[in-house]
Amino acid sequence: MPTDNQMNVTESGIFTIATGKSPSDVSLRSAEWAIITQIDGSKTIGEIALALAMTLEEAIDTFSGLVEKGLITFISTENLEESYLPPVFFENLEDQLTKIIGPVAPFILEDTLWSLDLKKEKFKAEKLAELIEAISDEIMDDSKKIDFQQIMLGLMKELNVN
Amino acid sequence: MITGLLDELNNIEGVDGAFIASNRAEIINKVGLSLTDDQLSNLSLRALRIVAAFHKTGKKTVELEFYWQNLYIICKNSDNFLLITFCRTSSMLALLRITINVTMAKLSEDKKFSKWLKSHKADRDFLIRKESLEENEAKLIEAL
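Predicted model only: the values in this text are computed from it and were never measured. (Residues numbered from 1 in each chain as written. Chains lettered and ligands numbered in written order. Predicted model: local features only at pLDDT ≥ 70, side-chain atom pairs only at ≥ 80, totals over all residues.)

It is worth spelling out the overall build of chain A at this point. Along the backbone of chain A there are eight helices and two strands. Written out in order from the N terminus, the α and β elements of chain A read α-β-α-α-α-β-α-α-α-α. Across the 162 residues of chain A, 20% fall into the buried class. (Helix = DSSP H or I, 4+ residues; strand = E, 2+ residues; numbered from the N terminus. Buried ≥ 20, exposed ≤ 12 C-beta atoms within 10 Å, placed from the backbone.)

Residues and elements named next belong to chain B. Running from N to C, helix H1 (residues 2-10) and helix H3 (residues 93-109) cross one another at 175 degrees; their axes reach a closest spacing of 10 Å. With respect to H3, the element H1 is oriented roughly antiparallel. The segment H1 lies against H3, with Leu5, Glu8 and Leu9 engaging Thr99, Ile100, Thr103, Lys106 and Leu107. (Axes fitted to C-alpha atoms, helices over the stretch in contact; angles between N-to-C directions. Parallel < 35°, antiparallel > 145°, perpendicular 65-115°, else oblique. Contact = placed C-beta atoms within 7 Å.)

Moving on, we get to the pairing of strand E4 (residues 71-77) of chain B. Remark: a regular strand shows side chains that alternate across the two faces of the sheet. Residues and elements named next belong to chain B. Of all seven residues that make up E4, five are buried, and the element is covered over most of its length. One ladder, built from six bridges, connects strand E3 (residues 63-68) with E4; its direction is antiparallel. Its bridge partner lying in E4, Trp68 is registered against Leu71. Where E3 hands over to E4, the hairpin turn is made up of two residues, of which Gln69 adopts a positive phi near 50 degrees. Strand direction decides the pairing type here: E4 and strand E5 (residues 81-87), joined by six bridges, are antiparallel. From the neighbouring strand, Lys76 faces E5, where its bridge partner is Leu83. Linking E4 back to E5 in an antiparallel pair, the connection comprises three residues. (Pairing = 2+ DSSP bridges.)

A word on the interface of chain B and chain A. Contacts between chain B and chain A engage 13 residues on the former and twelve residues on the latter. Class assignment of the residues belonging to the side of chain B that touches chain A gives a composition of six nonpolar, five polar and two charged. (Nonpolar A, V, L, I, M, F, W, Y, C, P; charged D, E, K, R; others polar.)

Moving on, we come to the environment of Val102(B). In this fold, Val102(B) is placed in helix H3. Separated by 97 residues in the primary sequence, Val102(B) and Leu5(B) place their C-alpha atoms 9.4 Å from one another. Val102(B) has contacts with Ile146(A), Gln149(A), Gln150(A) and Leu153(A), leaving out every residue within four places of it along the chain.

Counting 45 residues, the largest nonpolar core has Ala21(B), Ala47(B), Leu82(B) and Ile84(B) as its most contacted members. Of all hydrophobic cores here, the second largest spans 13 residues; its members include Val9(A), Ile35(A), Ala49(A) and Leu66(A). (Core = buried A, V, L, I, M, F, W, Y, C linked by C-beta atoms within 7 Å.)

Turning our attention to the confidence of the model for chain A. Averaged over every residue, the pLDDT of chain A is 86; the share at 70 or more is 92%. When pLDDT is averaged over each helix and strand of chain A, the minimum, 70, is found for helix H1 (residues 4-7) of chain A and the maximum, 95, for helix H7 (residues 128-136) of chain A. (pLDDT = per-residue confidence, 0-100.)

In this section: unusual backbone geometry. Residues and elements named next belong to chain B. Despite not being glycine, Gln69 shows a phi value in the positive range, around 50 degrees. Structurally, the position occupied by Gln69 is in the loop between E3 and E4. Although it is not a glycine, Asn70 sits at a positive phi angle of roughly 60 degrees.

Below you can see the structure in the form of structure tokens.
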């Protein structure tokens, strides 16, 4: 039967270094060492994967290996529900984008969300800057691009996203 | 105003500091950095040389990004100055890049700042004249 440690090796799982065993007691691959250096009791597996430019699958595999070796312990799971953006935000984003690039705005927004594998209904606030940057890449006029980014930074501040 | 703009960058989680350098690699303004002005000037000089080397080959460099001493460094190039920002984490780079773009636009619109830059104008190509380069740097530039 899987333990709590194993069951929580998910994107939102937060781990800490286990006290009973030292990483120097076992042989570790470079990816495992890289993860050990990132574990600080507050970063989620998803955040560590991003910081190390790993895919989520690679990170989860490596975390599972570290759990099996008894080197890390589960602490908690980040509450992802709380950080989803309200749907009204996307209406606002679409309005602003339409003012800048015209009626293609909704298609650009949908295409960009699709290419980043993100959904409006379950959109984490921490992904917003990435989305804004990707949408900006579709705006050819540099001055309009900056206008859009400036407006979006304002909206992000209102939402307290940083 | 310039300090206020740099403060906005510095307030982003994970950012260690930012500074603006002239085309002569002089430090115009900085916030939140523990490095000395000499170190920052040296870094600017290297970045300006890269920009000048590409300019010589007809390529315009808008941005340089590199990883140095566990820091992500984003160096944004305008014709008359460089804005260099240090960040500890890659997770904030998208937000940082957006904020830098807006900061660059605001700096370029600032009349006082533009006036100051005019009085400190310098030809970047001067920075890649052979006599001012180390041997390995000259070889690298020749390879471009």
